[in-house]
Number of protein chains: 2
Amino acid sequence: MKRKVTLKQIAKELDVSISTVSKALRNSIEISEDTRQKVQAFAKLYNYRPNNIALSLKNRKTKTIGIIIPEIVHHFFSKVISGIEAVANKRGYNVIVGLSNESFSKEVINMEMLANGSIDGFILSIAKETQQQQDYHHFTETIKQGMPIVMFDRVVNEIKCDKVIVDDSEGAKLAVNKLIDCGCKNIAIISTKDYVSVGKLRTQGYLDALEDHKISPKASLILKVHDQLLSEDHLDDLEKEIENLFQNNKNMDGVFAVNELYALTAMKVARKLGLKIPEDIQVIGFTDGVLSKHAVPALTTVSQHGKKIGEKAAELLINNLEREDEEDIYETVVIETELIERESTK
Amino acid sequence: MKRKVTLKQIAKELDVSISTVSKALRNSIEISEDTRQKVQAFAKLYNYRPNNIALSLKNRKTKTIGIIIPEIVHHFFSKVISGIEAVANKRGYNVIVGLSNESFSKEVINMEMLANGSIDGFILSIAKETQQQQDYHHFTETIKQGMPIVMFDRVVNEIKCDKVIVDDSEGAKLAVNKLIDCGCKNIAIISTKDYVSVGKLRTQGYLDALEDHKISPKASLILKVHDQLLSEDHLDDLEKEIENLFQNNKNMDGVFAVNELYALTAMKVARKLGLKIPEDIQVIGFTDGVLSKHAVPALTTVSQHGKKIGEKAAELLINNLEREDEEDIYETVVIETELIERESTK
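How each quantity is defined
Residues numbered from 1 in each chain as written. Chains lettered and ligands numbered in written order. Predicted model: local features only at pLDDT ≥ 70, side-chain atom pairs only at ≥ 80, totals over all residues. Heavy atoms only, no water. Helix = DSSP H or I, 4+ residues; strand = E, 2+ residues; numbered from the N terminus. Buried < 20%, exposed > 50% of the residue type's maximum accessible area, 1.4 Å probe, protein only. Contact = heavy atoms within 4.5 Å. Areas by Shrake-Rupley, 256 points an atom, 1.4 Å probe, with all protein chains shown as cover. Lys, Arg positive; Asp, Glu negative; His and termini not counted. Charge placed at Lys NZ, Arg CZ, Asp CG, Glu CD. Axes fitted to C-alpha atoms, helices over the stretch in contact; angles between N-to-C directions. Parallel < 35°, antiparallel > 145°, perpendicular 65-115°, else oblique. Left-handed = near helix turned anticlockwise from the far one by under 90°. Nonpolar A, V, L, I, M, F, W, Y, C, P; charged D, E, K, R; others polar. Pairing = 2+ DSSP bridges. Phe/Tyr/Trp six-rings, centres within 6.5 Å; stacked < 30°, edge-to-face > 60°. Lys NZ or Arg CZ within 6 Å of the ring centre and 35° of its normal. pLDDT = per-residue confidence, 0-100. Expected span 1.5 Å × (residues − 1). Disulfide = S-S within 2.5 Å. Core = buried A, V, L, I, M, F, W, Y, C linked by side-chain atoms within 4.5 Å. Salt bridge = Lys/Arg side-chain N within 4 Å of Asp/Glu carboxyl O.

For chain A, an unreviewed UniProt entry supplies the name LacI family DNA-binding transcriptional regulator and the organism Lacinutrix gracilariae.

Encoded structure:
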């Protein structure tokens, strides 16, 4: 039986990257004539033909939206999906979800697969690895083939498409201003490494808020947690890093954490060190997930309105799909963040 | 431009159910000859042809697994997906996720769509509405067409396929035995309505544990929460129901809750009523999600090993897909639950 070959298998067989195979199949001039021929011949031999299928299905509407997200065990992304679904269902569309697992090649493979006639357009948030590699050919090619994309949260400025973003730096400013207003003098930030765009933007908001209040930032108060530590399997290491932050800054009286898990871990460390929240130290998180609401004390947090982001993204995509004219007008919609005050601040 | 018509549109147009359209298109003898002809003619006219596509693609392997789950904002399902992904990636498969939103028709639509050449087989957990309606034609037909299915957690005994289940009643017994061992005399259960199979099984485990210890069950201690109250939007109503349980049973000293949210809400109500945990009342939940770990006090819970369920389901499906012989041998694998003891019990 003749089996269908996958992008990955072609890449492995020809010892080139998945990105090269994907570009070669789309006849991209970025790839040498020689390689393009080799890849195309191989793909033909093994019955791989995304473009044919895509073409034959181009004029058929599937009434399905493809969503590509970095990970699924994440309350923010699941809220966004629930928002996309709400609008999609109302307007007669179905959704289907592919996961990049923060990997560039999985993002490319998922998009190729779904673009092959299963869906009408994409709503996506970019994988960390794609952000690092800055290889965006799969987005441009998809759009060139007539399939619209809406990016949310983690977006690429260079790509022309509709975008829904959170004002991350404004959100961070909201949080840090609140801590300053509540009397905090030594405010730490617990953030991610800089290549994660949202971590970078939230750190910028923190610095801006300090500057607005003429407070000099201190390097020792800025913790950029190693990436792996966001996973649940590394909670102990995360706790140690945050405990060091507390030990090195005895006069620290406020913490702004760029996600829920960091904020909750900071509260746990504070409790362990005998500090009272909010009396001795005040804590604000980012992302209003289930953890924030159910924490004891309940966590003051910056809400990103994940559901609203999803709703807006679905509206933009469906409007684009159902537009009669062919004009390319793209919007970038900024969803305002909001400070939800609970018990972890005064 | 000729647009592809959807199952839903055909159903609406002909004023029949989606299930009828789906069966008629597959030429099921359950549907009258007349209706079959009408549906098929309509589908042909509007270019709906799942079977043609499915047939032409039948021998092509997509190396993709379709997952259908009831909802995405749910830690258990996301853990299962992470387990499926881990095994799928190792064995060269991709995954794609469709959401039924607990709706029968969305489950059918998603399966039809994915079965059309996008995937090699399904891993799924059944929507509540499908369980209520007991209409399983979409599973049997899919299997008949040569596409294997693995069911997990919420399964249907009548369907012949591989299954991965949690021993829900044993898990519940573990929890209730623990409460009894810790000295509880008046143990309540906070469960769901009975048509949700896991709620029913966990309630059975609760009753069995009481019987083993010669404790007579009391109706007032058995709370079956209305279904809608599992959603985050109805936390206040849920709280009221649980507060009533406490008010009506002043001597209650133990609570077994069939999910995390019920358990956390019970702890919240206990705190509100001035009861100390675990001194005055001990609480055990089911599902070891993020909420349990981060709760204060940390929640003792029955872990379902969601990741392991996903891993096993993916193994079963891929083994089936890659099996040379055509024998139909199906397995039901029971993943043992485990009691994770934390601070909410003595």
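Right, picking up where we left off after that structure.
Chemist: So, the overall build of chain A: which residues are in play, and what are the values?
Modeler: Scanning chain A from N- to C-terminus turns up 14 helices and 12 strands. When the 346 residues of chain A are sorted by exposure, 60% land in the buried category. The long-range share in chain A, meaning contacts at least 24 apart out of those at least 6 apart in sequence, stands at 74%. On chain A, roughly 14,500 Å² of surface is accessible, and the fraction owed to carbon and sulfur atoms is 47%. Across chain A, the mean location of the 46 positive side-chain charges is 4 Å away from that of the 51 negative side-chain charges.

Chemist: Would you mind going over the packing of helix H5 (residues 75-90) of chain B against helix H14 (residues 306-322) of chain B in detail, with residue names and values included?
Modeler: All names here are of chain B. For the pair H5 and H14, the least separation of the axes is 6 Å and the interaxial angle reads 45 degrees. For the element pair H5 / H14, the angle class is oblique. Where H5 crosses over H14, the two elements pack in a sense that is right-handed. Where H5 abuts H14, its residues Phe-76, Lys-79, Val-80, Ser-82, Gly-83, Ile-84, Ala-86, Val-87 and Ala-88 lie against Gly-306, Lys-307, Ile-309, Gly-310, Glu-311, Ala-314, Glu-315 and Ile-318. A per-class count over the contact of H5 with H14 returns nine nonpolar, four polar and four charged.

Chemist: Now, about the sheet that holds strand E2 (residues 94-99) of chain A: what can you tell me, with residues and values included?
Modeler: Read from one edge to the other, the open sheet built from 12 strands follows the order E11(A)-E5(A)-E4(A)-E3(A)-E1(A)-E2(A)-E2(B)-E1(B)-E3(B)-E4(B)-E5(B)-E11(B), with strand pairing classed as mixed. Two strands close off the open sheet at either side, each with one partner strand: strand E11 (332-335) of chain A together with strand E11 (332-335) of chain B. Put simply, the sheet's adjacent strands are angled 20 degrees from each other on average, direction ignored. Pairing analysis gives four bridges linking strand E5 (residues 162-166) of chain B to E11 of chain B, with the strands arranged parallel. Within E11 of chain B, the residue paired with Val-164 of chain B across the bridge is Val-333 of chain B. Relative to strand E2 (residues 94-99) of chain B, helix H6 (residues 104-115) of chain A is tilted by about 60 degrees, and along the sheet it contacts strand E1 (64-69), E2, strand E3 (121-124) and strand E4 (149-152) of chain A together with strand E1 (64-69) and E2 of chain B. Together, strand E3 (121-124) and strand E4 (149-152) of chain B form the strand contacts of helix H8 (residues 137-144) of chain B, whose direction differs from that of E4 of chain B by roughly 145 degrees.

Chemist: Describe the sheet that holds strand E12 (residues 338-340) of chain B, listing the residues and the values that go with them.
Modeler: All names here are of chain B. One open sheet holds the six strands; their spatial order is E7-E6-E8-E9-E10-E12, and the pairing between them is mixed. Of all the strands in the sheet, just strand E7 (222-225) and E12 have a single pairing partner and so form its edges. Neighbour to neighbour, the strand axes of the sheet diverge by 20 degrees on average, direction disregarded. When strand E10 (residues 300-303) meets E12, the two strands line up antiparallel, connected through three bridges. Bridge pairing in E12 links Val-302 to Leu-339. Contacting strand E6 (187-192), E7, strand E8 (254-257) and strand E9 (282-286), helix H10 (residues 197-212) runs over the sheet at an angle of about 165 degrees to E6.

Chemist: Describe the packing of H6 of chain A against helix H8 (residues 137-144) of chain A, with residues and values.
Modeler: Residue and element names in this part refer to chain A. As a packed pair, H6 and H8 sit with axes 10 Å apart at the nearest point and diverge in direction by 15 degrees. If you check the angle between H6 and H8, you find them roughly parallel. Judged by the sense of rotation from one axis to the other, the crossing of H6 with H8 is left-handed. For the pair H6 and H8, the contacting residues are Phe-104, Glu-107, Val-108 and Met-111 in the first and His-137, His-138, Phe-139 and Thr-142 in the second. Looking at side-chain class alone, the contact of H6 with H8 contains four nonpolar, three polar and one charged residues.

Chemist: Give me the lowdown on the packing of aromatic side chains, citing residues and values where you can.
Modeler: Following the criterion strictly, the structure yields eight aromatic pairs over all chains and no others. Plain terms: the ring middles of Phe-76 of chain B and Phe-77 of chain B are 5.5 Å apart, the flat faces sit at 55 degrees to each other, and that makes the pair tilted. Each member of the pair, Phe-76 of chain B as well as Phe-77 of chain B, carries the same accessibility label: buried. Chaining the aromatic ring pairs together yields one cluster made of Phe-76, Phe-77 and Phe-152 of chain A. Residue placement shows Arg-202 of chain A over the ring face of Phe-286 of chain A; its charged tip is 3.8 Å from the ring centre.

Chemist: Explain the confidence of the model for chain A residue by residue, including any values.
Modeler: All names here are of chain A. For chain A, per-residue confidence averages 87 on the pLDDT scale, and 91% of positions sit at 70 or higher. No element of chain A has a lower mean pLDDT than helix H4 (residues 50-57), at 42, and none a higher one than strand E8 (residues 254-257), at 97. This stretch, residues 51-58, has a pLDDT under 50; its non-local contacts, to residues over four places away or in other chains, come to 10 contacts. Among the scores for the predicted complex, ipTM is 0.70 and pTM is 0.75.

Chemist: Hey, could you go over helix H10 (residues 197-212) of chain A for me, with residue numbers and the actual values?
Modeler: Residue and element names in this part refer to chain A. For H10, built from 16 residues, the straight-helix expectation of 22 Å at 1.5 Å per residue is met to within 8% by its first-to-last C-alpha distance of 22 Å. Looking at the buried residues of H10, the elements they touch are helix H9 (168-181), strand E6 (187-192), strand E7 (222-225), E8 and strand E9 (282-286). Note on H10: the residue one or two positions beyond its end, Lys-214, has a positive phi of about 55 degrees.

Chemist: Describe the pairing of E10 of chain B, with residues and values.
Modeler: All names here are of chain B. Every second residue of E10 is oriented toward a common face, with Thr-300 and Val-302 on one face and Thr-301 and Ser-303 on the other, all of them buried. Across three bridges, the pairing between E9 and E10 is parallel. Directly across from Gly-285, in E10, lies its bridge partner Thr-301.

Chemist: Explain the state of the cysteines to me, using residue names and the numbers behind them.
Modeler: All names here are of chain B. Inspection of every chain in the model, using the stated rule, returns zero disulfides over all chains. Of all cysteine sulfurs in the structure, the one in Cys-182 sits closest to Cys-184, which takes part in no disulfide; the separation is 6.6 Å. Its relative accessible area of 3% is what places Cys-184 among the buried residues.

Chemist: Can you break down the nonpolar core residue by residue, with the values?
Modeler: Counting 90 residues, the largest nonpolar core has Ile-190, Phe-246 and Phe-256 of chain A together with Ile-190, Phe-246 and Phe-256 of chain B as its most contacted members. Residues within four places of Phe-256 of chain B in sequence aside, it is in contact with Ala-172, Ala-175, Val-176, Leu-179, Ile-187, Ala-188, Ile-189, Ile-190, Arg-202, Ile-284, Gly-285 and Phe-286 of chain B. Formed by 58 residues, the second largest nonpolar core is a distinct cluster that contains Ile-67 and Ala-88 of chain A together with Ile-65 and Leu-316 of chain B.

Chemist: Any chance you could break down the pattern of salt bridges for me, citing the residues and the numbers?
Modeler: Residue and element names in this part refer to chain A. On inspection of all chains with the given rule, the structure shows 32 salt bridges over all chains. Residue Lys-23 pairs with Glu-30 through a salt bridge whose shortest N-O separation is 2.9 Å. Looking at Lys-23, the relative accessible area reads 9%, which means it is buried. Given a relative accessible area of 57%, Glu-30 falls into the exposed group. Close ionic contact of Asp-168 with Arg-202 constitutes a salt bridge, the shortest N to O distance being 2.7 Å. Residue Asp-168 is found in helix H9, and its partner Arg-202 is found in helix H10; the two are separated by 34 residues along the sequence. Here the two residues Asp-168 and Arg-202 agree in accessibility, since each one is buried. One network of salt bridges, with partners in common, ties together Glu-239, Glu-243, Lys-268 and Lys-272.

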